[in-house]
Structure formats: C-alpha cells, structure tokens
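Structure at a glance
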Amino acid sequence: MLSLQQQKALQWLDEGKNFFITGGAGCGKSYIVNQIAQSEQIYKTIHITASTGKAAYLINGVTIHAFAGIETGVRSVDYYKRHMHPDIKKTWLETDVLIIDEISMINASTFDLLHLIACEIRQCYDELFGGVQVIACGDFFQLPPVTGQFVFKSQIWQHYMTEVLVLTQCFRQKDDEQFFRALNEIRFGQVSDQTIDYFMTRCFEKDENLNSKYTR
C-alpha cells in the first residue's frame, strides 16, 4: 500500500508534471519509481533509466546514456543528432515519460545535453526534453557526479524541475526508529553524541562476537 507521499507521485504522473523524488535511504524511492513504471498509463509510453548500469539493473531499466544514444556524453548536440541510430531516434519520438533514477550522478552539462538533443529530435524547443515528462529520482546527499557540477546547477533543471517530492516515511528501518534517526544524522553530516554512543555499542574487538552473516 502506498503512503500519501508516494500517492502524490502518481498524481503528478497523471497531471504530466516534471518532478524530482528524493529522501533518505529506506524511504521508498526505488519502490515508487517501479510503481510509476508499472502504472496503467494507457496513453503514455514510459521508459525507465538510471545514471549507472548497476542502478539501471536494479530497476529493470537501462542507463540514460544508452537510452539517449550519447555514449559518454562528451560530444556536441549536432554530432549526436547526425550519428544517432534510427531506433534510438524512434524511441525518443515515442517516449512520453522518462524516469531517471540515481540522478545525483548525472552532472549539469549532461542534463543540458539530453534536453537539447530531445528538443532537436522532437522539434519542440519550449518544453523540457522536447515535451517528454521527466521524473528524476535520487538523493543529493549520496554520490556526486564523477565530473562536473550537480545537476541542480543546470539552468534547464532550475527552470523546469520545480516540483520536488521529499519522502520522509521510513519503510526499510520502520521497526528501529533509533537506527533510522542515526542514519539520517549521518546523511546530513550532523551526528549527535547519542548516535556516536549508539554505534559504539556495535563496535566489536573480537571476532567471536561477530555473527557469520555480517558483511566483512
């Protein structure tokens, strides 16, 4: 059953809004992405992508670079337009909704490049991605882009991605409020003495205290 916050994402999907889903670990970001991808949008073709191959695999998608046909994304818009495979161009034209997961690892220049390519292919220059509804998902407190600035530094992002859905309800650690609170403090970089003391209780100096199932 979806939370009220997660239901808001489906409402925005129906309304055709471009929006950004964020929140800490365990708040259901990937879950709602999958719900959006599987929703019964009879008149919408939805494609699901992610910034990395591993992230794409986990949500049964492809990398945004593979979807867009931009390889490493370092060439010009004109180059990609001239060398784009017909199947990729056809996919761009047929896409109504584009989901980009783990958006924190996409830099601003790549987002701008995707926008310009989509506008050229779709021959629409006054809407984000040439009229494709964009749903981005991720956490800017997690991994940054390998190079370049965060995507929210993009003027295209700032102009079009104005709707933000912050998920706050915890699902993964719902039975351990103290652990969830500790993880959030670490996420924000504001760790209290209580959290330090809490984690120190889990510091083992002898191997015999370790459960064999623990990650080493």
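First, a word on what this report is: a plain description of the structure on this page. Residue numbers restart at each chain and count upward from 1, following the sequence in its written direction. Given that the model is predicted, a residue must reach a pLDDT of at least 70 before its local features are reported, and side-chain atom pairs must reach 80 or more before they are shown or counted; all residues, however, enter totals for whole chains, interfaces and linings. Based on all heavy atoms of the structure, the side-chain values leave hydrogens and waters out of the count.

1. Considering the overall build of the protein
Using the following cut-off: Put simply, DSSP H or I for four residues or longer makes a helix, DSSP E for two residues or longer makes a strand, and each gets a number counted from the N terminus. Buried residues are those whose accessible area, probed at 1.4 Å on protein chains only, stays under 20% of the maximum for their type, while exposed residues exceed 50% and partly exposed ones sit between those limits. The contact criterion used is simple: two residues touch if any of their non-hydrogen atoms lie within 4.5 Å. Computed by Shrake-Rupley with a 1.4 Å probe, the accessible areas treat only the displayed protein chains as cover when residues are assessed. Counted charges follow a simple rule, with Lys and Arg positive, Asp and Glu negative, and His plus the chain ends left uncounted. Each charge is placed at NZ for Lys, CZ for Arg, CG for Asp and CD for Glu.
Scanning the protein from N- to C-terminus turns up ten helices and six strands. Based on the C-alpha atoms only, the size of the protein along its principal axes is roughly 60 × 35 × 30 Å. Burial status across the protein gives 40% buried among its 216 residues. Across the protein, every contact between residues at least 6 apart in sequence was considered, and the portion connecting residues at least 24 apart equals 69%. Only carbon and sulfur atoms are counted for the fraction: they give 51% of the accessible area of the protein, which is about 12900 Å². Counting 20 positive and 25 negative side-chain charges, the protein places the centres of these two groups 3 Å from one another.

2. Let's talk about the environment of Gln 149
Following the sequence through the fold, Gln 149 ends up in the loop between strand 5 (133-137) and helix 8 (155-160). For Gln 149 and Met 105, which are 44 residues apart along the polypeptide, the C-alpha to C-alpha distance reads 9.6 Å.

3. Concerning the packing of helix 6 (residues 86-94) against helix 7 (residues 108-122)
Here is the rule: Axis angles are defined between N-to-C directions and span 0 to 180 degrees, where every axis is a line fitted to C-alpha atoms and, for a helix, only to the segment in contact. Roughly parallel means an angle under 35 degrees; roughly antiparallel means over 145; roughly perpendicular covers 65 to 115; every other angle is labelled oblique. By the convention adopted, Pro, Cys, Tyr, Trp, Phe, Met, Ile, Leu, Val and Ala count as nonpolar, Lys, Arg, Asp and Glu as charged, and the other residues, Gly among them, as polar.
Between helix 6 and helix 7, whose axes approach to 10 Å, the crossing angle comes to 90 degrees. By the angle between their directions, the pair helix 6 and helix 7 is classed as roughly perpendicular. Contact residues: Lys 89, Trp 92 and Leu 93 in helix 6; Leu 114, Ile 117, Ala 118, Ile 121 and Arg 122 in helix 7. The residue inventory of the contact of helix 6 with helix 7, partitioned by class, reads six nonpolar, no polar and two charged.

4. Re the pattern of salt bridges
Quick reminder of the rule: Here, a salt bridge means any Lys or Arg side-chain nitrogen found within 4 Å of an Asp or Glu carboxyl oxygen.
Summed over all chains, the structure comprises six salt bridges. When the shortest N-O distance is used, the salt bridge between Glu 120 and Lys 81 registers 3.0 Å. Of the two residues, Glu 120 is situated in helix 7 and Lys 81 in helix 5 (residues 77-83); the sequence distance between them amounts to 39 residues. For Glu 120, a relative accessible area of 26% puts it in the partly exposed group. On the basis of relative accessible area, Lys 81 is assigned to the partly exposed category, the value being 43%. Residues Glu 94 and Lys 90 are paired through a salt bridge, measuring 2.7 Å at the closest nitrogen-oxygen approach. Of the two residues, Glu 94 and Lys 90 both sit in helix 6, four residues apart, roughly one turn of that helix. Under the relative-accessibility criterion, Lys 90 is labelled partly exposed at 46%. Each member of the salt-bridge network shares a partner with another, and the members are Glu 15, Lys 17 and Glu 163.

5. Considerations on the environment of Gln 7
Within the secondary structure layout, Gln 7 lies in helix 1 (residues 4-15). Separated by 25 residues in the primary sequence, Gln 7 and Ile 32 place their C-alpha atoms 8.7 Å from one another.

6. Section: the state of the cysteines
Applicable threshold: Any two cysteine sulfur atoms within 2.5 Å of one another count as a disulfide.
Following the criterion strictly, the structure yields zero disulfides and no others. Of all cysteine sulfurs in the structure, the one in Cys 124 sits closest to Cys 119, which takes part in no disulfide; the separation is 6.3 Å. For Cys 119, a relative accessible area of 3% translates into the label buried. Given a relative accessible area of 15%, Cys 124 falls into the buried group.

7. So, the side chain of Glu 185
So the rule is basically this: Nitrogen and oxygen atoms within 3.5 Å of one another constitute a polar contact, given that in protein one can donate a hydrogen and the other can accept it, and given that sequence-neighbouring residues count only through two side-chain atoms.
For Glu 185, the location among the structural elements is in helix 9 (residues 177-188). Arg 181 provides the closest opposite charge to the buried, salt-bridge-free Glu 185, at an N-O distance of 4.9 Å. A distance of 2.9 Å separates a polar atom in the side chain of Glu 185 from the backbone nitrogen of Ser 192. Setting aside anything within four residues of it in sequence, one finds Glu 185 in contact with Gln 190, Val 191, Ser 192 and Thr 195.

8. Observations concerning the sheet that holds strand 1 (residues 19-23)
For clarity, the threshold we go by: Pairing between strands requires that DSSP locate at least two bridges from one strand to the other.
An order of 3-2-4-5-1-6 is seen for the six strands of this open sheet, with the pairing classed as parallel. The open sheet has two edge strands, strand 3 (62-63) and strand 6 (163-167), and neither has a second partner.

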